[in-house]
Amino acid sequence: MIPHVHASHASLTRGGLYLLIPYAVRRRSLLIHQLYFRSSPQAMEVEQADTAGMVENQSVEDPSSSKVTITWEIKRFSSLKLSKLKKEHYSDILSIGGYKWRVVICLNKADYLSLYLYVANSEDLPYRWSRWTKFSLAVINQSDRKRTVKYETQCLFNAQKTKCGFPWFMLLSEICDTDGGYNVENTVKVEVEVAVKAIDYLSYDSKKETGYVGFENHENQTAPHYMNSLLQTLYHIPKFRKAVYNIPTILNAMPSWSIPRVLQSLFYMLQYSNNSVVTRRLYHSLDWDTDVQHDALQHSMSICGSLENKMKGTAMEGSIRWLFEGYSTSYIKCINVDLRVNEVESFLGLRIDVGCQDVYAFFDKYVKDERLEGDNKYMTVRHGPQDATKKVLFKSFPPVLQLQLNWFEYDSCGYHIGKRNGRFEYPLILDLDRDNGKYLSPEADQTVRNLYTLHSVLVCGDGVGDEHNYAFIRPTLSDQWFKFYDERVTKEDMSRALEEQYGGEEKANPGFSNTPFEFSRYSCAYMLVYIRESDKEEIFCDVAEEDMAEILKIRLKKEKEQEEKEHRKREKEEAHLYTVIKVARNEDLIEQIGRDVYYGLVDHDKVQSFHIQNSTPFFFFKEQFARDNGFAVEFLCFWLWTKGRNGTYGPRKRLTCFDENKSVAKLRKLSNRMHNGELKLFFEVKLVPVPTYFLVTDLSKGEDDILLFFKLYCPERKEFRYVGKLSVKAMGKPVDILTELNEMACFDPYQEIVLYKEIEFKCEDIDNELTFRSSQIENGDIICFQKKFKPAVYGIHEHVPSCPTVRSFLENVHYRQVVYFQCLDKPNGKAFFLELSKLSTYDITVRRVAQFIGLDDPYKIRLTIQNCLSEQPFSVPIDHQRVKHLSDMLVYSGHASDMLYYEVLATPLPKLNDLKTLKFAFHSTVKDKVVFHSVTLPKRYRVADLFCHLIDKVKLCHSNARLRLLDVSDHKISVIFHLWEEIGDIDDKQLLRVEEIPEEERNCGPQDCLIHVFHFRKDTSQFLMYFGDPFCLIIHEGETLAKIKLRIQKKLQVPDDKFVKWKFAVVQFNRPKYLEDSAIVSSYFQDGRTRGVSKPHLGLERPFSDFIMSLAPNKNRITCEIVEGVEPSKGADDRRFTSGGAKRRRISATGRS
């Protein structure tokens, strides 16, 4: 096996050869890949022809070579049978640009020779390898070089696309003709000219090169394949993007619930992300119906319609229609009758039949007079179908004109959709006012200049269902075009966006036979977007982050961070054959500790990282690392991040020579973190070369030096920073290094300091007189120190630090929580955030909120938890007497949130907890009106106290009137409260009812009974439906239903013609038992101990018309009156509220029932 290398960074060391290739996605990385050439070509499906004559016109040893030309001589060509050529036939392996290629020939169904360039070793290529390659294939005419048939193209080769070429290269008969010059002495020569651009997919940064990013393409996404291009086009219309940003959306709403929410997230990532945007989750939340086929214009109209619905009633209403909506007028004139009709229709885009020559030809055909006759007659209302003429003119064109090119048509014979092969041209500047405005109707606004410039061209590949769709866009209408092809954005010439996308036939080189043939272009434009020049300034407005609502910015930033996390996760899943080496430097510790990192040493997601093949020996990486960073390899020392005795991870093991000979995968196993595919290292540069015995001895388990890291804490400034590292003797004592630590901290040499051993967010005291080994201190441990805290040093008026020690500071950082606060009365208002501790009590939290909003009394603030499932405030506020800490307030049903809602009360919360607000409706006997009241009273008050407050607030029939309090639910009386019942025992969620006790109830006898009466009707299923206002009624012993009916009719003032339709029944267990007029009603209400559905009621069954009338608004209900409760006067006479002399056995309804 012969090593073959094409890279300037290759190094030959210890008998192996490896290639280091730079890799960068969002950070600097290295990709190490092992390249070898096989000693013989791969096995082929067909018998291999004699292809030994491979002539290289230029050396390919240098990968930076701009162009390589190779000739492939196919000997004994005539011996190849057609059946064999119908299968792919390979050349020998060609080494170009450091990778293996082959030329492939085969025969298509029309006996044309097909030629392709093929990546031979696609299964062995590096992680996410890709190359942009410009190449040409030619069949050489050995008699006349001018007749050589040659085609050239360019292609992005990657793991999914390993073959590219020309399926209709030339007729096989031309090649086999011995007089044609292509087959001389039974030998055919194929010339391959390849230029591999030195741009790798992973090293190419679209954002850096063009200022724009694309979409990551996923073959299994459910959205149509042109959606990437369509969304890029809509995004690059700034007026549209700004309108999307300003659509009010529910905070934290699920993306599947809201298309505006999805587009806001998508556009925000396109505008502010440095990497390609993942669309799988976004397209899934849009919930495309894959069973229904729509074109790009239909989807654009669907998106605009959904956005307009969300904008209704807002300041942005109509902004989408203004951009895309135009109007056309159809002028219809009947021939045989005197009838003219003008119909105005709106449109969001136009569909163009590519049977026309160009765009102007389409508009000429569109406004041409049309004859409506035969089966296509115009249908009139009065005269039926009539022959007519129809002419369509445009009343107005939109500022953004969308044109859908219809290339596909249904073949009724073949029962399939086929693509037309015509040519359709479109101009860069489109003048729709030409020829004195022949496209415009007389009603059109002549002051508007309809001059359009081309903004974007959406392109599709060849064939139905081809997923190679991309877009050419001019984001600022400058001369520079950009091609948006999934995740890759490149600069392109104008000709690529115009002439090359006209479609039609392309002429092939005729060759020796002089018989020209044509084949269809592989790509063509399928949608055009034009911008009107007069509206260009308004459409291309500035869209900055300041134009978004604060809540929207917070949400989108969170989603962006989440998307970046998912991107990193996806990279790890795809790079399972590689180890990610993350190298922390001393500079990283200085930069991060005290800013991003408090406990521990470093955030490895923010350090230099490298993607290394698992089988690569570590010393190869070390040599390349030293070379790239300008270090001598003998001065470098690496420490492996491993687990210590205290359970924490740190740089505890120095890599020896034996360790460096191991593969990176084996070293990863030593770190006890093999599940995440990462190898974490710390490197230091020694001032002198590392001795040889350092390289062969594992000092991490030896008796000598221990590497320690030191952090300094300043309580006055609450500053926590990294000050350096020291190598100490294992048998040494902390007291020996106090002078050095004071020097590192810039303290006085004799300053008294205290040392702590950091274990996660906790600290343990260190005895300065014990050895490091006795204190169980090992390599990689972190020592925190500070000046000794002396409370006596601070005067009476001096501020004592809130975190005087390292221990208290780290605990404060650990429990730190950022909480967003939203006003409960203004859910769409601006939220603010505070940095609190998870251990903060309710009082501390409201005190901080009151301080922020400028409220003097913090006890007037009441907090409400957020429902994490609906992202809305919970219906019940937080009980401040039960909740202990802030962490308890932020958890609902096991889900954590960072949002709380606050409201400012008129009464302090401790006092309000002793009060209760009752809402009730007062039914007066003086007027047929219902007045709503709200009364706030102490919970210890009784119902009688409530009546004392109402006596001067409501209008009674007379001064001695008595009141009662009822709970009415579902149009039935469920409870009549006792006068002695406390307000705190009454449910304040229900609307209660207060009414005067009628005179007949006050004067009832001992044998009389108080019953509940309600109205009902039966539905079609014979279920009872209750409605209307229930009431109480006194019935006398031995009284018949006939007498009771007279009293009820008089009480309710019902006319005879309506009252005769009523039926009376005793309802128990929701089952009516109808009564005759002679029935003794009191016999059904003997037991007063029953409750709920078992309690009998007197039911009045009424006709359906009465039920409908009850649904109408009650004009007698007036606005509620707020009555603030006060202390009741002493000696209040409760007897005026009693319910008369009826026996309690009979009138138990005056209590709870």
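Residues numbered from 1 in each chain as written. Predicted model: local features only at pLDDT ≥ 70, side-chain atom pairs only at ≥ 80, totals over all residues. Heavy atoms only, no water.

A.B. asks: Describe the packing of helix H4 (residues 227-235) against helix H8 (residues 296-311), listing the residues and the values that go with them.
C.D. replies: For the pair H4 and H8, the least separation of the axes is 11 Å and the interaxial angle reads 50 degrees. Taken together, the axis directions place H4 and H8 in an arrangement best described as oblique. The way H4 lies across H8 gives a crossing that is right-handed. Mapping the contact onto sequence places Met227, Leu230, Leu231 and Leu234 in H4 and Ala296, His299, Ser300 and Ile303 in H8. Partitioning the contact of H4 with H8 into residue classes produces six nonpolar, two polar and no charged. (Axes fitted to C-alpha atoms, helices over the stretch in contact; angles between N-to-C directions. Helix = DSSP H or I, 4+ residues; strand = E, 2+ residues; numbered from the N terminus. Parallel < 35°, antiparallel > 145°, perpendicular 65-115°, else oblique. Left-handed = near helix turned anticlockwise from the far one by under 90°. Contact = heavy atoms within 4.5 Å. Nonpolar A, V, L, I, M, F, W, Y, C, P; charged D, E, K, R; others polar.)

A.B. asks: So, the sheet that holds strand E23 (residues 388-396): which residues are in play, and what are the values?
C.D. replies: If you walk across this open sheet you meet the four strands as E18-E17-E23-E20, and the pairing is antiparallel. The open sheet terminates on both sides in strands that have one partner only, identified here as strand E18 (340-347) and strand E20 (370-372). Taking each pair of neighbouring strands and ignoring which way they run, the sheet shows an average axis angle of 30 degrees. (Pairing = 2+ DSSP bridges.)

A.B. asks: Explain unusual backbone geometry to me, and be specific about the residues and the numbers.
C.D. replies: With a phi close to 50 degrees, Asp435 is a non-glycine residue in the positive phi region. Among the structural elements, Asp435 can be located in helix H11 (residues 434-437). Phi at Asp486 is positive, roughly 55 degrees, even though this residue is not glycine. Tracing the chain through its elements places Asp486 in the loop between strand E30 (481-485) and strand E31 (488-492). Given the relative accessible area of 13%, Asp486 is considered buried. (Buried < 20%, exposed > 50% of the residue type's maximum accessible area, 1.4 Å probe, protein only.)

A.B. asks: Account for the environment of Ala961, with residues named and values stated.
C.D. replies: Within the fold, Ala961 resides in the loop between helix H25 (943-950) and strand E54 (963-969). Taking the relative accessible area as the measure of exposure, Ala961 reaches 2% and is therefore buried. The sequence separation of Ala961 and Ile951 amounts to ten residues, and the corresponding C-alpha distance is 9.2 Å.

A.B. asks: Please give an account of the sheet that holds strand E57 (residues 1009-1018) that cites residues and values.
C.D. replies: As a general point, the strands of a sheet are linked pairwise by backbone hydrogen bonds and lie either parallel or antiparallel. Read from one edge to the other, the open sheet built from five strands follows the order E58-E57-E61-E59-E60, with strand pairing classed as mixed. Of all the strands in the sheet, just strand E58 (1024-1035) and strand E60 (1071-1074) have a single pairing partner and so form its edges. Each adjacent strand pair in this sheet contributes to an overall mean axis angle of 35 degrees, direction not counted. Packed onto the sheet, helix H27 (residues 1041-1052) meets E57, E58, strand E59 (1063-1068) and strand E61 (1097-1101) and runs at close to 105 degrees relative to E58.

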